[in-house]
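Analysis of the macromolecular model
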Amino acid sequence: MHWSEELAEQIIARNPDKREYVCAAGISPSGSIHIGNFRDIATSYFVVKALRKKGKQARLLFSWDEFDRMRKVPVNVSAVRDDMEKYIGCPYTDVPNPFPDDPASSYAEHFEKEFMESVRSFGIEMDYRYQTRMYRSGAYAQHVLTALKKRGEIFDILDRHRTQEAQPGERESYYPVSIYCPACGRDTTTIHSLSEDCTDAEYSCACGHRGLFNFTKDFNCKLAWKVDWPMRWLYEGVDFEPGGKDHASLNGSYDNAKDIAKEIFGYEAPLFQGYEFIGIRGQVGKMSGSSGLNMTPGLLLRLYQPEVILWLYAKTEPLKAFDFCFDDGILRQYFEYDRMLNAQREGTLDEYGKAVCDLTSIEGRSPVTVPMALLVSLGSVVDFNEDMLETVFAKIGTPYRKADFADRIERAKFWLEHCAPDQVNRLRSVRNWEVFESLSDLEKEEINRLCAVLRKGGYTLDELNALIYAIPRELRTEAGETLDDKTLKTVQGTFFKNVYRLLIDKEKGPRLYLFLYAINPDKYLHLLDFSAPQTEEEKEKAAEPLPQVPESSPKNRGSDDLPDEIPEIKPTVTAEEFGKLDLRVCKILKAQEIRKSHSCLKLTLSDGTQGPDKPSRVIVSSIKNEYEPEELIGRKILVLANLEPARITGVTSEGMLLAATNHSCGCQVIFVDDSVPEGTVIH
């Protein structure tokens, strides 16, 4: 059973006769809404679909928390307008729109519109609530009065969920509401006294304004978050709401709100589901709408089809993390999505997979599973010309039409240009004499023979594949060499590498036989034909300085040292002895430097066994000189998990990662493919 269906069953069991179930989500428009917030919506959306699947009425209620105070100015906003600091403390709906080219009437509306436009791509229908409108209309007035009358009880609830002792007089001076000042617009107000019936308050503001506030007539005020949240559960009749794992922690926001809902407002708190935060491979820092790291759904939709985004959320249980990938991990994700979708269409998918596909389908859309890796590798060669790409696909026996790859081609192009420019495959304009002259006579003859085979033509795709593998073998056989399988693979690999260098200035690229078959030979044959002398243009090109290629990492991963001497094989062990070692796949959640340690990093891991009593595993590893902390986050590694814990540089290390160490390469951590689940045991 899918996790959304399990939650739906729990919701129904709590209130089996309810006519319509309400699943809630909400976001404060503090800036561009990031993809981490989208898990709030996706989780509730999937539960709504599961309830409907069970024959129940359900709706997705979405709250724009635009009546929240502005806390800080995002980087992208201050870059447009430098005087926004003066609005800190004002509700987002009262802050002016800083973007001159956008007609939105306020700061809040600008970011709300930005987000809602991208949400439409997912086919998600939501019942929107705008909290400024709700508060200022007086809809919550009676509940605000209830909170004021029971402010002592609310303080006691909040106090029992915190660790520090209450200060003398703190309970008496506590008010669960903030008044927005009519003079400056901010919530920098202090209530000094409250009438016996709790309707009238005397207050002052940091700006100097003083006044009286009547809670039955004046509605420009807002309840504190931990009181506001349960109040709205009551008002809307909420049955389910997810939230970040920080809210779900012991004595966190949900625990506070749950008690306030029951003891103050007489409402049983809705079923709550905590969720793990979303990672961005290669991205540093926590995603936040107010930080300027604007990883929005709109941006991700330029990389991922909406179904693939929903699929990543649906297939992953809420309390498990996953990554959106800027690196070639995105190609793996598309491959896995395509495989599941194809299996569903063929009727070979298991029940869980069927549920995932049902949850991620979007009405009116039917994705065509054109391999994203092929679009990327072949698309760059033809400069993403759709007509040429259509011809290429037809030649290699996968006759996808333009309409089939229309939904993915721009995403493939965007990923290559913005995330992986080093993977763009473009044919050289002139022959590479420097590379050709560096080859041995046999290697030069391999290129000449390949050129002759390609010029002659008349081969099928499979025949070309066989021909290019045969060229190195035949030439060496003719030269009297005897090749074992290992040596043959080596010379074939060198041959392929030489061809790539001559064609695209790289040592590897798309599968060579596909590449040579798909592209019109007239486009590249001149790059393999060295029968004519070097031209003046080629001499000029050769004299140009090579472009500077940035290093993939600031750390030095190797050296000019000779490899270590190969050690003797250690004494044999029995299968039983090996079985005592718990080697398992772990995902790196955090990587931190350790103060005063010159060589060690502290790694926080998920080993697949996490729960409330053990949220993570920590190990210490001496890889600080080889890896930057940020490049490790999100990677999967092998860990000896049952190694006896040890204190290293003041930190208790609960295991040891596996790495290869050699003078010629330094210390190389053994990484695991992202498709392998955390906790997988190595046998």
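As a starting point, this report considers the structure included with it. Residue numbering note: each chain is counted from 1, following its sequence as written. Confidence filtering applies because this is a predicted model: local features only for residues at pLDDT of at least 70, side-chain atom pairs given and counted only at 80 or more, and all residues used for totals across whole chains, interfaces and linings. In computing side-chain properties, one takes all heavy atoms of the structure into account and sets aside hydrogens as well as water.

A few words on the side chain of Asn425. Helix numbers and strand numbers start at the N terminus; a helix is a DSSP run of H or I with at least 4 residues, a strand a run of E with at least 2. When you line up the elements, Asn425 lands in the loop between α17 (402-418) and α18 (433-437). When a residue's accessible area, from a 1.4 Å probe over protein chains only, is under 20% of the maximum for its type it is buried; when over 50% it is exposed; and in between it is partly exposed. Exposure remark for Asn425: the relative accessible area of 4% places this residue in the buried category. By the criterion applied in these results, polar contacts are pairs of N or O atoms within 3.5 Å in which, for protein atoms, one can donate a hydrogen and the other can accept it, and in which residues neighboring in sequence qualify only through two side-chain atoms. Within the local environment of Asn425, its side chain forms a polar contact with the side chain of Lys506, the two groups lying 2.8 Å apart. Contacts are assigned to residue pairs with any non-hydrogen atoms lying within 4.5 Å of each other. Not counting residues within four places of it along the chain, the set of residues in contact with Asn425 comprises Ser377, Ser380, Val381, Ile504, Lys506, Gly509 and Pro510.

Let's shift gears to the nonpolar core. Ranked by internal contacts, the top residues of the largest apolar core, which has 119 residues, are Phe38, Ile41, Ile124, Tyr304, Tyr313, Phe324 and Leu516. In terms of residues, this core owes the most to one element, helix α2 (residues 38-53), which gives 9 residues. Other than its neighbours up to four places away in sequence, Tyr304 contacts Ile309, Leu312, Phe324, Cys325, Ile330, Gln333, Tyr334 and Arg411. Joining through side-chain atoms within 4.5 Å is the link that ties buried Ala, Val, Leu, Ile, Met, Phe, Trp, Tyr and Cys residues into a set, and such a set is a nonpolar core. Counting 31 residues, the second largest nonpolar core, distinct from the first, contains Met134, Phe215, Val227 and Met231.

Now for the pattern of salt bridges. Within this document, salt bridges are pairs made up of a side-chain nitrogen of Lys or Arg and a carboxyl oxygen of Asp or Glu, the two lying within 4 Å of each other. Under the criterion given, the structure shown has 44 salt bridges. Note that Arg232 is salt-bridged to Asp228, the shortest N-O span being 2.5 Å. Within this pair, Arg232 and its partner Asp228 are both found in helix α8 (residues 225-236), separated by 4 residues, close to a single helical turn. Asp228 matches Arg232 in its accessibility class, with the two residues each being buried. One salt bridge connects Arg426 with Asp383, and the closest N-O pair in it is separated by 3.8 Å. On the criterion of sequence distance, the pair formed by Arg426 in the loop between α17 and α18 and Asp383 in the loop between α15 (372-381) and α16 (386-395) is long-range, its members being 43 residues apart. Since its relative accessible area comes to 46%, Arg426 is described here as partly exposed.

It is worth spelling out the pairing of strand β1 (residues 20-27) at this point. Within β1, 6 of the 8 residues are buried, which leaves the element mostly enclosed by the surrounding structure. Of the strand pairs in this sheet, β1 and strand β2 (residues 57-64) are connected by 8 bridges, and their pairing is parallel. Of the residues in β2, the one forming a bridge with Cys23 is Leu60. The parallel pair β1 and β2, bridged by α2, forms a crossover whose chirality is right-handed. When DSSP locates at least two bridges between a pair of strands, those strands are taken to pair. When the strands point away from the viewer and the connection leading from the first strand across the helix to the second strand turns clockwise, the crossover is called right-handed.

A few words now on helix α12 (residues 306-315). The buried fraction of α12 amounts to 9 of the 10 residues, a majority that puts the element mostly inside the structure. Where α12 is concerned, the buried positions are Pro306, Glu307, Val308, Ile309, Leu310, Trp311, Leu312, Tyr313 and Ala314.

Phi at Asp383 takes a positive value of approximately 55°, unusual for a residue other than glycine. Its identity as a non-glycine residue notwithstanding, Thr649 has a phi of 45°, on the positive side. For Thr649, a relative accessible area of 41% gives the class partly exposed.

With that out of the way, let us pick up the pairing of strand β10 (residues 271-275). Burial within β10 is extensive, with 5 of its 5 residues counted as buried. Note: strand β9 (residues 240-244) against β10, 5 bridges, orientation parallel. When the sheet's bridge partners are listed, Glu241 is paired in β10 with Phe272.

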